[in-house]
Amino acid sequence: MAAIGALLIMAPGAGRATADVPALSATVGGSPIGQAMPTGFLGLSLEYKAIHQYTGRNPLAINPVMVQLIRNLNPGQSPVLRIGGDSTDEAWWPVPGAPRPAGVRYALTPRWAATARALATLLDARLILGINFAAGRPSLAAAEARALLRGIGSRHVLALEPGNEPDVYGVFPWYTGRHRLVFARDAAYGLNAYVRQIARWSAALPRIALAGPATAQLPWMAGLPALVRAAPRLRIATVHRYALEGCQTDPDSPAYPSIANLLSDRSASGLATALAPYVAAAHADGLEFRVDELNSAALAGCLGRPGVSDTFASALWMLDTLFSMASVGVDGVNVHSLPGAAYEPFTFTRDGGRWRGSVRPDYYGMLMFAQAFPPGARLLSVGAPAGPVKVWATRAPGGTTRVVLINKDSRAHEVALTIALPRAQIEWLRAPSAGATTGVTLGGDAVRPTGVLPTPRLQPVSREHGRYWIDLPPASAALLTG
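Residues numbered from 1 in each chain as written. Predicted model: local features only at pLDDT ≥ 70, side-chain atom pairs only at ≥ 80, totals over all residues. Heavy atoms only, no water.

(A) Structural context of the overall build of the protein chain. Each helix and strand in the protein chain was counted, giving 11 helices and 28 strands. Taking the principal axes of its C-alpha atoms as reference, the protein chain extends roughly 75 × 50 × 45 Å. For the protein chain, the separation between the mean place of its 43 positive charges and that of its 31 negative charges on side chains is 8 Å. (Helix = DSSP H or I, 4+ residues; strand = E, 2+ residues; numbered from the N terminus. Lys, Arg positive; Asp, Glu negative; His and termini not counted. Charge placed at Lys NZ, Arg CZ, Asp CG, Glu CD.)

Given below as structure tokens:
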């Protein structure tokens, strides 16, 4: 039986294993499978109001640490950045004579656009820009889109994305009015009404590619064919995925934000497998499919869970989840971030005009994925059923083979890896424990406060009887390259 990213568990004591270290055996196939890794697969999703907090307010002096951290994830590539989230429907571009929509809390300005343009220019980035849909006013949306295109430059804009999670417009309030909650749409608002409105917005917006529907849940994705007919300029199907519910209070729920639940298969492979039919449908209609908002836990304003989203477990989850998304054909993923969120992958301080950065554990998972799955590489099959250790393998166009081993277990495992590599080196992703929030290292070192990656310390791996034997400590990951 063959499967991607899985292991066959051998009987304890097999191979070189001991009673305390169960033996696992994996075989990596020699034939690539699936699509080639596209450029710009791994990006970030940032709130409109967070841009200045991350970059600073001077377009001529963009935070260099932020730029470096994004470059680390996209070496030699043009990254795809999505700007939106909840602030999509909380922002507008002020129009003379037009009243500000009641749910708007953030005014976009020429300085904001100049800052976004400077960031995009430094990175040669392509942007997916959220456009206010909740206000229900196509003319204001069109004015916002035109101003953003003018201020940022159309060459940096990949697509416009009307609205943020319109499928829950009737569930979560847009704003609080006088003694009442105000919703962007009524409780009966559904896919058919959304499709009709998107047709109007498509006609009003500038002639540029569209992304959508940016849903919180999956049922609306079944309406992609109708959406394409209503908005022929739709080029990117987008959806949001969170492994756990940030506000969940029932510890018996599989969505409860705990380390154990985050490291479960439901939170990684299960998250991706649910997307597979929609990815296929999007590709059949000629669309890209992008998870343009992803992170560990969120719901109703609970942006992650301290003690879970900021731990080393999130790095292991991130690494496995990104591979899982790629394995079902997803064309890109944007990891969501905003200052103050428990799942924020980095933070910045500024002292005397000098920027310093600090990366959180999940950023290290993103880094290892970027190293292991470069553009043009394809997955290799890995033999047998799943277990607490996950194995993923890729082969790059130049022939370099990389194998990632992720131990989500609380105990060590020895892996006997059968692969046609005459020699290999290994790089480790480690921390004191799954619950650690500090002490994370990749290649034996940490990311510098400048965002610069230290040169990794690679170790040769011994090969015995045609197999590599790798001792995986509890809660760790390794990258084998040959």
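(B) The arrangement of the pattern of salt bridges in detail. Tallied over the full model, the rule gives 10 salt bridges. The closest approach of N and O atoms between Glu 90 and Arg 105, which form a salt bridge, is 3.7 Å. Of the two residues, Glu 90 sits in the loop between strand E5 (80-84) and strand E6 (91-92) while Arg 105 sits in the loop between E6 and strand E7 (106-107), which places them 15 residues apart along the sequence. (Salt bridge = Lys/Arg side-chain N within 4 Å of Asp/Glu carboxyl O.)

(C) Local environment of the layout of surface pockets. Of the pockets and cavities examined, the largest pocket occupies roughly 1,000 Å³. If you trace the largest pocket, you find 41 residues lining it, with Asp 86, Glu 165, Phe 172, Leu 299 and Ala 300 closest to the centre. Only strand E13 (234-244), helix H8 (269-273), strand E14 (288-299) and strand E15 (302-303) provide two or more residues apiece to the lining of the largest pocket. Here the residues of the lining of the largest pocket are counted per class, giving 22 nonpolar, eight polar and 11 charged. (1 Å grid on protein atoms, 1.4 Å probe; cavity = no way out; pocket = protein on both sides within 12 Å on 5 of 7 lines; lining within 4 Å. Points joined across faces, edges and corners; volume = space filled by probe spheres on them. Nonpolar A, V, L, I, M, F, W, Y, C, P; charged D, E, K, R; others polar.)

(D) Seen up close, the nonpolar core. Ranked by internal contacts, the top residues of the largest apolar core, which has 132 residues, are Trp 112, Phe 289 and Met 325. The greatest single-element share of this core, amounting to 11 residues, is contributed by helix H10 (residues 312-327). Of all hydrophobic cores here, the second largest spans 23 residues; its members include Val 391, Leu 421, Ala 424 and Ala 478. (Core = buried A, V, L, I, M, F, W, Y, C linked by side-chain atoms within 4.5 Å. Buried < 20%, exposed > 50% of the residue type's maximum accessible area, 1.4 Å probe, protein only.)

(E) Spotlight on a nonpolar patch on the surface. Side chains of Val 171, Phe 172 and Leu 299 sit close together on the surface and give an oily, nonpolar patch of about 240 Å² of accessible area. Overall, the relative accessible area of 52% leaves Val 171 in the exposed class. (Patch = residues over 30% accessible without salt bridge, like charges linked within 9 Å, V, L, I, M, F, W, Y side chains within 5 Å. Areas by Shrake-Rupley, 256 points an atom, 1.4 Å probe, with all protein chains shown as cover.)

(F) Broad picture of helix H2 (residues 64-73). Within H2, seven of the 10 residues are buried, leaving the element largely enclosed by the surrounding structure. Those residues of H2 not exposed but buried are Val 65, Met 66, Val 67, Leu 69, Ile 70, Asn 72 and Leu 73. For H2, the side-chain oxygen to backbone nitrogen distance between the N-cap and Val 65 is 2.9 Å, and the N-cap itself is Asn 63. (Polar contact = N/O pair within 3.5 Å; in protein donor to acceptor, adjacent residues only side chain to side chain.)

(G) Structural context of the packing of H2 against helix H3 (residues 110-123). Where H2 contacts H3, the two axes come as close as 10 Å, and the packing angle between them is 45 degrees. In this view, H2 runs oblique relative to H3, as classed from their interaxial angle. Here H2 runs over H3; the crossing is right-handed. Listed contacts from H3 to Val 67, Ile 70 and Arg 71 of H2 are Leu 119, Leu 122 and Leu 123. Its residues assigned to classes, the contact of H2 with H3 shows five nonpolar, no polar and one charged. (Axes fitted to C-alpha atoms, helices over the stretch in contact; angles between N-to-C directions. Parallel < 35°, antiparallel > 145°, perpendicular 65-115°, else oblique. Left-handed = near helix turned anticlockwise from the far one by under 90°. Contact = heavy atoms within 4.5 Å.)

(H) Layout of the state of the cysteines. As enumerated under the stated definition, the model contains one disulfide in all. The partner cysteine of Cys 247 in its disulfide is Cys 302, sulfur to sulfur 1.8 Å. The chirality of the disulfide connecting Cys 247 with Cys 302 is right-handed, given an S-S dihedral of about 95 degrees. Here the residue Cys 247 occupies a position in the loop between E13 and helix H7 (259-262), and Cys 302 occupies one in strand E15, the gap between them amounting to 55 residues. (Disulfide = S-S within 2.5 Å.)

(I) Representation of the environment of Ala 424 in the model. Counting through the fold element by element, Ala 424 comes out in the loop between strand E22 (413-418) and strand E23 (425-430). Its relative accessible area of 7% is what places Ala 424 among the buried residues. Linking Ala 424 and Arg 402, residues 22 residues apart in sequence, is a C-alpha distance of 9.1 Å.

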